[in-house]
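# Close look at the chain arrangement
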Amino acid sequence: MVTLDKSKDLFDKARVILPGGVSSPVRAIKPYPFYTESANGCRIKDIDGNEYIDYCLAYGPNILGHANPVIKQAIIDQLDKGWLYGTPTGLEVTLAEKIASLYPSIDMLRFVSTGTEATMSALRAARGFTRKNKFVKIEGGFHGAHDAVLVKAGSGATTHGKPDSLGIPEDFTKNTLQVAYNDIEAMTEVIESNQDDMAAVIIEPVLGNIGPILPEGDYLKEVRKVTEENDVVLIFDEVITGFRLAMGGAQEYFGVTPDMTTLGKIVGGGLPIGVFGGKREILDMISPSGSVYQAGTFSGSPASVAAGIAAVDILEKEKVHEKLEATGNMLRAGLNDIIADKGLDYHVGGIASMFKVFFGDKPLNYQDVLKCDKEGYLQFFHDMLDSNVFLPPSQFETNFLSTAHTEADLETTLEAYAANLK
Ligand SMILES: *Cc1c(COP(=O)(O)O)cnc(C)c1O
């Protein structure tokens with residue numbers, strides 16, 4: 001049993017000064033979150049002295065675990081030279097060339113500071129390039145917190161999207177059309193019936209923010225085909241899957257090439273970053289070379305880019321993805337055994353270093369995930385925390401593995417699953 005007395009006291013202060021007591025909503029664990037003191041490798045330690053094996057890993061970026069010493073040194077070396085210039089650096093060129101060499105869909109790219117900025121700018125570029133307004137997103141797909149992508153689930157594709165937040169005028173979401181994931185008929189139908197004003201499709205190749213939910217069969221290839229046939233810009237939002245499924249992301253893993261790609265999370269080595277890139281003729285539209293405006297004080301921040309270069313370098317040299325695929329398979333097999341032993345109707349989802357136990361049947365889309373036992377999962381989350389394992393606090397968030405998780409850590413984790421799953 002862990003006790004969280006100091007965290008509780010801190011939360012009582014935090015909720016007065018920070019909305020919900022937190023800086024981002026997913027962190028508002030009920031009745032109160034633990035407050036972190038430090039983290040190293042696969043372990044995260046709270047201010048009450050409890051230590052957890054971490055499968056949240058900051059929601060994706062920390063694929064090499066917390067406080068990786070090589071990334072840390074790269075950041076320190078950069079700090080010695082100053083950490084914000086407002087001028088171009090060679091670091092940007094180095095990381096940009098590296099990314100372009102790994103992502104054949106990316107001829108050119110721009111650095112921004114978050115994934116939110118990356119998808120916002122990618123959509124603006126696609127709309128500027130096509131001079132069209134509408135785009136399709138996947139129901140339950142997450143592309144950050146800007147106006148055009150915060151659209152209510154169930155809004156449907158036949159009418160225009162309804163804002164999923166107060167403060168967003170309906171005018172800002174009326175060009176956002178939604179379809180279910182893994183439904184190529186619905187995607188084809190909405191593209192064809194809006195063809196004269198359809199700029200783009202934006203899609204997480206693997207749904208990471210309500211999953212992982214995987215593409216069935218040739219779904220991604222079919223999405224590529226229908227967008228190509230209709231001159232619609234296909235944007236893969238690889239903010240999670242980029243450098244996670246493979247060096248070249250989901251597009252390498254599944255062999256499908258989009259027109260544009262957004263990256264974030266892993267590619268900043270744990271510091272804030274976002275990237276949007278794609279075909280030269282689209283990126284040439286970006287200011288100052290073209291008339292699609294985009295700018296940022298912190299874009300290409302030297303510390304973030306230096307950390308990103310170090311992270312990508314380690315991922316490549318240590319052939320991390322092969323190892324993580326094996327670790328992921330081992331963990332998923334272990335979880336499947338536990339579920340079978342207990343005769344539970346649960347589904348173990350996942351791919352590479354992403355995994356999740358769904359408290360329900362295998363989901364193919366957002367409406368399926370909604371049928372899972374969310375309250376049961378929340379209780380299970382707390383039981384796991386009591387067993388010193390930190391999972392994402394929601395049935396809708398992916399669990400992540402890192403290279404810092406050892407076989408012994410995985411065994412401890414499987415024991416905790418066996419003790420707590422019911
Ligand atoms: C996290 C995430 C974003 C937003 O990135 P931020 O850096 O949090 O703004 C966008 N798209 C996907 C798929 C994400 O997982």
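- Looking up the protein chain in an unreviewed UniProt entry gives the name Glutamate-1-semialdehyde 2,1-aminomutase, with the organism given as Methanococcoides alaskense.
- According to the UniProt record, the Sequence similarities (unreviewed entry) comment for the protein chain is "Belongs to the class-III pyridoxal-phosphate-dependent aminotransferase family. HemL subfamily."
- What UniProt records for the protein chain under Catalytic activity (unreviewed entry) is the sentence "(S)-4-amino-5-oxopentanoate = 5-aminolevulinate".

## Description of the site of the ligand
- Around the ligand, a shell composed of Thr114, Gly115, Thr116, Phe142, His143, Gly144, Glu204, Asn209, Asp237, Val239, Ile240 and Lys265 is seen.
- Residue Thr116 places a side-chain N or O atom 2.7 Å away from an oxygen atom belonging to the ligand.
- Separating a nitrogen atom of the ligand from a backbone N or O atom of Phe142 is a distance of 3.3 Å.
- Calculation on the ligand without its partners gives an accessible area of 380 Å², and the protein chains cover 84% of this total.
- Each residue belonging to the shell around the ligand can be placed in one class, and the counts come to three nonpolar, six polar and three charged.

## What about the pattern of salt bridges?
- With the rule as written, the count across this model stands at 12 salt bridges.
- The salt bridge involving Lys8 is made with Asp12; its shortest N-O contact spans 3.4 Å. In this pair, Lys8 and Asp12 are both assigned in helix α1 (residues 5-17), four residues apart and thus about one turn of the helix distant.
- Residue Lys8 is classed as partly exposed on the basis of its relative accessible area, which comes to 36%.
- Given the relative accessible area of 33%, Asp12 is considered partly exposed.
- Ionic pairing is found between Glu229 and Lys225, a salt bridge with its closest N-O pair at 3.4 Å. Note that Glu229 and Lys225 are positioned in helix α6 (residues 219-229) at a spacing of four residues, about one turn of the helix. Across the pair, exposure class does not vary: Glu229 and Lys225 are exposed alike.

Conventions and cut-offs
Residues numbered from 1 in each chain as written. Predicted model: local features only at pLDDT ≥ 70, side-chain atom pairs only at ≥ 80, totals over all residues. Heavy atoms only, no water. UniProt positions renumbered as here; feature names shortened; annotations may be inferred. Near = heavy atom within 4 Å. Polar contact = N/O pair within 3.5 Å; in protein donor to acceptor, adjacent residues only side chain to side chain. Areas by Shrake-Rupley, 256 points an atom, 1.4 Å probe, with all protein chains shown as cover. Nonpolar A, V, L, I, M, F, W, Y, C, P; charged D, E, K, R; others polar. Salt bridge = Lys/Arg side-chain N within 4 Å of Asp/Glu carboxyl O. Helix = DSSP H or I, 4+ residues; strand = E, 2+ residues; numbered from the N terminus. Buried < 20%, exposed > 50% of the residue type's maximum accessible area, 1.4 Å probe, protein only.

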